[in-house]
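For reference, the chains in residue letters:
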Amino acid sequence: MNDQLERMKNQKGFIAALDQSGGSTPKALLNYGVPESAYTNEAEMFDKVHQMRTRIITSPAFDSQYILGAILFEQTMDSKIEGMYTADYLAEKKGIVPFLKIDKGLAEPSNGVQLMKPITDLDEILQRAKERHIFGTKMRSVIKEANSESIKAVVDQQFEIGKQIMAAGLVPIIEPEVDITSPDKEQSEAILKEELLTNLNSLKEDENVMLKLSIPTVANTYKELTTHPRVLRVVALSGGYSREEANQKLKENDNIIASFSRALSEELNVNQSEEEFNAALKEAVTSIFEASTEKTGKQ
């Protein structure tokens, strides 16, 4: 755990987001060249997506030289790769730190935001995550409008659950995503930064979090957060940008690394040969790594 903590805090690289869940899985599979007609129920769908993730994780291009951590979906955590639970395979075979997506999806939009749905089995999930040797967790909310009270509610909910996660001995990734199509995205980000600082300043010395944020409209909006003593790392989601655009925007921000999902896998296809697949993944991995390390100052 201490080795993983040191890795996440100080080493160069990025986090691969492999955590598409029930709602986003059909789209992820379709982008990979697997149509909905290729499976008849949810179990078969998850088998297909586990095959896709296994192919990514076992690829020689999925290398700890570039990738610090990987975020998993619950079913992926409970599945095996080459006879090992996925988190163990990542940590032991690849040297990559495993995270788990724990949220249950988004509530309906209300006052310009989407809070998280209640996580009714949080204690049970955290216990299983520890048994599966997970390092940290991730949970997502969405901000669509610059409503101060609503943004405060999003951040307060994230940190309230985050404190339970820290108490269980795991590191939470706090993810209040600002919708990249929001007409007042810049204003939302200014409000969000202040709410994040307020909550970070209330943490105890042994309480540390990571932040996963949309790439800001104004470069270096979040620079102050990257040096906060309670923040292990600030990572950026691609948020619907293409990999090229996400990489370019990321390069403008000091000390922020990528945690991309679609932008990582957008050129991968089930029908590619192993050579083609590995080459496409290698190109994605190295370009995201370069964007993540251009202005981080990490070793």
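Computed from a predicted model, the values in this text were never measured in an experiment. (Residues numbered from 1 in each chain as written. Predicted model: local features only at pLDDT ≥ 70, side-chain atom pairs only at ≥ 80, totals over all residues. Heavy atoms only, no water.)

Novice: How should I be thinking about the packing of aromatic side chains in this particular structure?
Specialist: Each aromatic ring pair is characterised by the separation of its centres together with the angle its planes make. Here the structure, examined in full by the defined rule, presents three aromatic pairs. Here the aromatic rings of Phe 46 and Phe 73 are separated by 5.5 Å at their centres, their planes lie at 25°, and the arrangement is stacked. On the criterion of sequence distance, the pair formed by Phe 46 in helix α3 (residues 42–58) and Phe 73 in the loop between β2 (67–72) and α4 (74–77) is long-range, its members being 27 residues apart. Look at Phe 46 and you get buried, because its relative accessible area is 9%. Pairing Tyr 66 with Phe 289 gives two aromatic rings, centres 5.1 Å apart and planes at 85°, and the pair type is edge-to-face. (Phe/Tyr/Trp six-rings, centres within 6.5 Å; stacked < 30°, edge-to-face > 60°. Helix = DSSP H or I, 4+ residues; strand = E, 2+ residues; numbered from the N terminus. Buried < 20%, exposed > 50% of the residue type's maximum accessible area, 1.4 Å probe, protein only.)

Novice: What exactly am I supposed to notice about the side chain of Lys 212 here?
Specialist: Inspection of the secondary structure assignment puts Lys 212 in strand β9 (residues 209–214). Comment: no salt bridge for buried Lys 212; closest opposite-charge side chain is Glu 175, at 4.4 Å. Polar side-chain contacts of Lys 212 include one of 3.0 Å to the side chain of Ser 259. Each residue touching Lys 212, except ones within four places of it in the same chain, is listed here: Ala 17, Ile 71, Lys 138, Ile 173, Ile 174, Glu 175, Pro 176, Val 235, Leu 237 and Ser 259. (Lys, Arg positive; Asp, Glu negative; His and termini not counted. Salt bridge = Lys/Arg side-chain N within 4 Å of Asp/Glu carboxyl O. Polar contact = N/O pair within 3.5 Å; in protein donor to acceptor, adjacent residues only side chain to side chain. Contact = heavy atoms within 4.5 Å.)

Novice: How should the packing of α3 against helix α5 (residues 86–94) be read in this particular structure?
Specialist: Each pair of packed helices can be described by the angle between their axes along with the distance between the axes. Relative orientation of the contacting elements α3 and α5 amounts to 10°, with a least axis distance of 11 Å. When the axis of α3 is compared with that of α5, the two are roughly parallel. Contact with α3, carried on its side by His 50, Ile 57 and Thr 58, involves Thr 86, Tyr 89, Leu 90 and Lys 94 of α5 and no other residues of that element. Per-class residue counts for the contact of α3 with α5 are three nonpolar, three polar and one charged. (Axes fitted to C-alpha atoms, helices over the stretch in contact; angles between N-to-C directions. Parallel < 35°, antiparallel > 145°, perpendicular 65-115°, else oblique. Nonpolar A, V, L, I, M, F, W, Y, C, P; charged D, E, K, R; others polar.)

Novice: Sorry, what's going on with unusual backbone geometry here?
Specialist: Even without being a glycine, Asn 220 presents a positive backbone phi close to 70°. With respect to the helices, strands and loops of the structure, Asn 220 is situated in the loop between β9 and α9 (223–226).

Novice: What's the story with the pairing of strand β5 (residues 97–101) in this structure? I'm lost.
Specialist: When a strand is regular, its side chains alternate between the sheet's two faces. With respect to burial, β5 is a largely interior element, five of its five residues being buried. Side chains of β5 alternate between two faces, with Val 97, Phe 99 and Lys 101 and Pro 98 and Leu 100 buried alike. Bridge count for β2 against β5 is four bridges, and the pairing is parallel. Bridge pairing in β5 links Ile 71 to Phe 99. Bridging between β5 and strand β7 (residues 136–143) involves three bridges; their strand directions are parallel. When the sheet's bridge partners are listed, Lys 101 is paired in β7 with Lys 138. (Pairing = 2+ DSSP bridges.)

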